[in-house]
Amino acid sequence: MAFVVSSGQLAVTGAGVSTGYAAPALRAAPWEYAEIWRRQPQVRTVIGFLSRNVAQLGIHTFRRLSDTDRERLHDHPLAVLLREPMPGLTLYRFIERMVSDVALYDNWYGIKLKLNGRLRILPVPPTMIHPYGGTWIAPECYKTPGGREFSRDEVVHIHGYSPGDLVSGDSPIESLRDLLLEAHEAAKNRSAMWKGGARTTGVLVRPADAPEWSSADKRRFREMWRGFTDGGGAEGGTPILEDGMEYKPVGFDPKAAQYIESRKLTREESAAAYFIPPPLIGILDHATYSNIREQHAHLYQDTLGPWMVMFEQEIEAQILPDLDDSAGVYAEFNIASKLRGSFEEQAAAASTATGGPWMTVNETRARNNLPAVEGGDALIVPMNVTQGGLASPRDTAPDAAGAPKARRAGAGRKADVRPADLGTAAAERDAFVASLVGWTERAMGSLLTAAGAKDDAVPDLIALWAAGSEDRLAQLTALLADHGFRMAQIGAWDVLAGWNPDGAGWTPEAMLAWILAAAATHAEQHEEAAREAIAGVQEEAAAEWRAELAAVGASWVVAARARAVTAAQETRSFGGFDAASASGLNRKIWRTGGRNPRPSHKAQDGESVLIDDVFSNGLRWPGDGQGATKEIVNCNCDIEYTMAEE
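Residues numbered from 1 in each chain as written. Predicted model: local features only at pLDDT ≥ 70, side-chain atom pairs only at ≥ 80, totals over all residues. Heavy atoms only, no water.

Draft legend 1. Expanded view of the overall build of the protein chain. A tally of helices and strands in the protein chain yields 22 helices and 14 strands. A buried classification covers 38% of the 646 residues belonging to the protein chain. In the protein chain, of all internal contacts separated by at least 6 residues, the share reaching a separation of at least 24 is 70%. Put simply, the protein chain shows about 35,700 Å² of open surface, and 54% of that area lies on carbon and sulfur atoms. (Helix = DSSP H or I, 4+ residues; strand = E, 2+ residues; numbered from the N terminus. Buried < 20%, exposed > 50% of the residue type's maximum accessible area, 1.4 Å probe, protein only. Contact = heavy atoms within 4.5 Å. Areas by Shrake-Rupley, 256 points an atom, 1.4 Å probe, with all protein chains shown as cover.)

Structure follows, in structure tokens:
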């Protein structure tokens, strides 16, 4: 295999290698892209979204001390340069222009200057500088309109991919050109319609037997007709036709032209060209609270992540070599604060990371751009980890798949006797249903009261509902967890009574973490179901909105009844599973119940699997929240546990 070893050979490599080679279509001139940005609101929206979200992060300078430690640099020349690239130019504006230029032109240019002995970077609009001469690998120099030439070492040039050369990028606007042109022409047509008195184009038809007009008659009618167009003084009025004349529209009417749909399509296509999820730029057709929250987290990973990596590496490749003391120095966008989640999520992650025996304090501090501390290299092993035999203080919570932790008999303290205040399964289930139904009725009643007693214009129902969301979720979670814990104890004691009457190796408190997680999930689902139904009433904006809202409330109450029955079955089944695992039982048998069981449940009556396996319908137990909804709602089946020889 031959290798290219000299720059002379490298400069001509690739010449004539493509048979039938034809010169590609010329790129648009830079000022054309600038005009598109000025005139097309969708392009400005997506580019502004990218540039503002990257610029507001800020960028920090670090020195890598080791694989697990690094030092934040405040006075290093790179940190000083980024803090003020030019006198009076903030870092925010510098990054905003950098992202905007690359997004619009796929090119960004900065000229290196020495001011008072310090390196500065002057951003130059791509309309005022361009690469000149050289080869398809690198230009000879860079030229400005005034004839000034800059060598390659004097210019920072960041660009994207181009299939034709390695010198500059191809703007994403090129792939949107036809769509944007269509949108521009549609806007011109719409503007012309409004200038014409909000009328579509058409022709006037006079009957063949109409009397002939004189020149004065024609002039009089023409002046009258012009009065209904832009500037005529009678715009929007109704002209009076003479002699049986008819007006016949020609072309598309606004409805047929689908102006709103076309504008939405343009924004969606523009967002897709820059890999931006539609809900983040205001396209909310399929948006919910949960998926917007998830897409916000993905924003700094999948959408903005590649941009930040590109700029970080370009700074290291094109700017750092001009600075002193650059060994081990690098720049990094400050995205940690955007990905840390809520305070509760941060606390849980920190507890697991620093409280378990797998990660040191200094390793955690390094991940958060904090310096090492003395004594932080030793693993911390809390008392509950060594005494409880758990790998982490949070191991009592459900794992990622939602499966509880099985324990061997003898682990943990001995359980107390069955609580005297626990009723029968049917009584506790009925109490569960009554509590959730009552809470649901009160919550919907509060919304109706807040919305007012009059059937006037529809108030902002979504805002009224969102105002109390946090309190409702807390109340719901507490209610569901309280009843769920009681149902779980009933299920556990049903198993313990036959296999482990003393409750050796089992404690009810071990189930609390799983039950709280399940309660939080049910609470969020119940809240979201109401929000979607209320949003439907808001969107329809019917005159009888109060009656529709009341009907929504009634449906929500019915759903609450079904959810309570399902949650009661789920927690009771989990309690039996937890007690069986603690008692050393290793097999479970499905027992179909109810007067009208599902065909899948009826078919698997008597089916036996290992205790940690799932049944043929995909469930671990009746009401399993990890299963399909059609398999768990209102299920009345049961589980038997046994000890089988392995």
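Draft legend 2. Representation of the pattern of salt bridges within the structure. For the structure shown, the criterion picks out 15 salt bridges. Two residues, R63 and D325, come together in a salt bridge whose shortest N-O distance is 2.8 Å. Of this pair, R63 sits in strand β1 (residues 59-66) while D325 sits in the loop between α11 (305-318) and β11 (329-333), placing them 262 residues apart in sequence. A salt bridge links R486 to D421; its shortest N-O distance comes to 3.4 Å. Here R486, found in helix α18 (residues 469-499), pairs with D421, found in the loop between α15 (383-388) and α16 (425-451); they are 65 residues apart in sequence, far enough to count as distant. Residue classification places D421 among the exposed positions, given a relative accessible area of 53%. (Salt bridge = Lys/Arg side-chain N within 4 Å of Asp/Glu carboxyl O.)

Draft legend 3. Local environment of the pairing of strand β12 (residues 587-591). Note: β12 against strand β13 (residues 608-610), 3 bridges, orientation antiparallel. Residue pairing across strands places I589 opposite S608, the latter belonging to β13. Relative to strand β14 (residues 638-642), β12 runs antiparallel, the two sharing 5 bridges. By the bridge assignment, K588 is partnered in β14 with Y641. (Pairing = 2+ DSSP bridges.)

Draft legend 4. Fine view of the sheet that holds strand β3 (residues 107-115). One open sheet holds the 3 strands; their spatial order is β4-β3-β8, and the pairing between them is antiparallel. Since the sheet does not close on itself, it has two edges, and those belong to β4 (118-124) and β8 (155-159), each with one partner. On average, adjacent strands in this sheet sit at an angle of 25° to one another, irrespective of strand direction. When β3 meets β4, the two strands line up antiparallel, connected through 7 bridges. Along β4, the bridge assignment pairs L115 with R118. Docked against the sheet, helix α5 (residues 91-105) engages β3, β4 and β8, running at close to 145° with respect to β3. Along the sheet, α11 makes contact with β3 and β8, crossing β8 at roughly 150°. (Axes fitted to C-alpha atoms, helices over the stretch in contact; angles between N-to-C directions.)

Draft legend 5. How the structure looks around α11. For α11, built from 14 residues, the straight-helix expectation of 20 Å at 1.5 Å per residue is met to within 8% by its first-to-last C-alpha distance of 20 Å. Buried within α11 we find G305, W307, M308, F311, E312, I315 and Q318. (Expected span 1.5 Å × (residues − 1).)

Draft legend 6. Spatial organisation of the nonpolar core. In this structure, F432, W506, I515, L549 and Y641 are the most contacted members of the largest nonpolar core, which totals 62 residues. With 15 residues, the single largest contributor to this core is helix α20 (residues 545-582). Excluding residues that lie within four positions of it along the chain, Y641 makes contacts with V495, W499, S573, G576, F577, A580, L585, R587, K588 and I611. By size, the runner-up hydrophobic cluster in this structure holds 49 residues, among which are L57, F94, I95 and I158. (Core = buried A, V, L, I, M, F, W, Y, C linked by side-chain atoms within 4.5 Å.)

Draft legend 7. Just the sheet that holds strand β7 (residues 149-150), in detail. Pairing in this open sheet of 3 strands is antiparallel, and the strands run β5-β6-β7 from one edge to the other. Only two strands of the sheet have a single neighbouring strand rather than two, namely β5 (130-132) and β7. Inspection of the sheet shows strand β6 (residues 141-143) paired to β7 by 2 bridges, in the antiparallel sense. Within β7, the residue paired with Y142 across the bridge is F150.

Draft legend 8. Inspection of the packing of α16 against α20 at higher detail. Between α16 and α20, the shortest axis-to-axis distance is 8 Å and the interhelical angle comes to 155°. It follows from the interaxial angle that α16 and α20 lie roughly antiparallel. For the element pair α16 and α20, the recorded crossing hand is right-handed. (Parallel < 35°, antiparallel > 145°, perpendicular 65-115°, else oblique. Left-handed = near helix turned anticlockwise from the far one by under 90°.)

Draft legend 9. Looking closely at the packing of aromatic side chains. Per the counting criterion, the structure on display carries 14 aromatic pairs. With 5.6 Å between their ring centres and 85° between their planes, F94 and W108 make a pair best called edge-to-face. Of this pair, F94 sits in helix α5 while W108 sits in strand β3, placing them 14 residues apart in sequence. Judged by centre distance (6.3 Å) and plane angle (45°), the rings of W307 and F311 are tilted. Linking W307 with F311, this pair stays in helix α11, spanning 4 residues, or about one helical turn. Given a relative accessible area of 13%, W307 falls into the buried group. F311 sits in the buried class, given a relative accessible area of 0%. (Phe/Tyr/Trp six-rings, centres within 6.5 Å; stacked < 30°, edge-to-face > 60°.)

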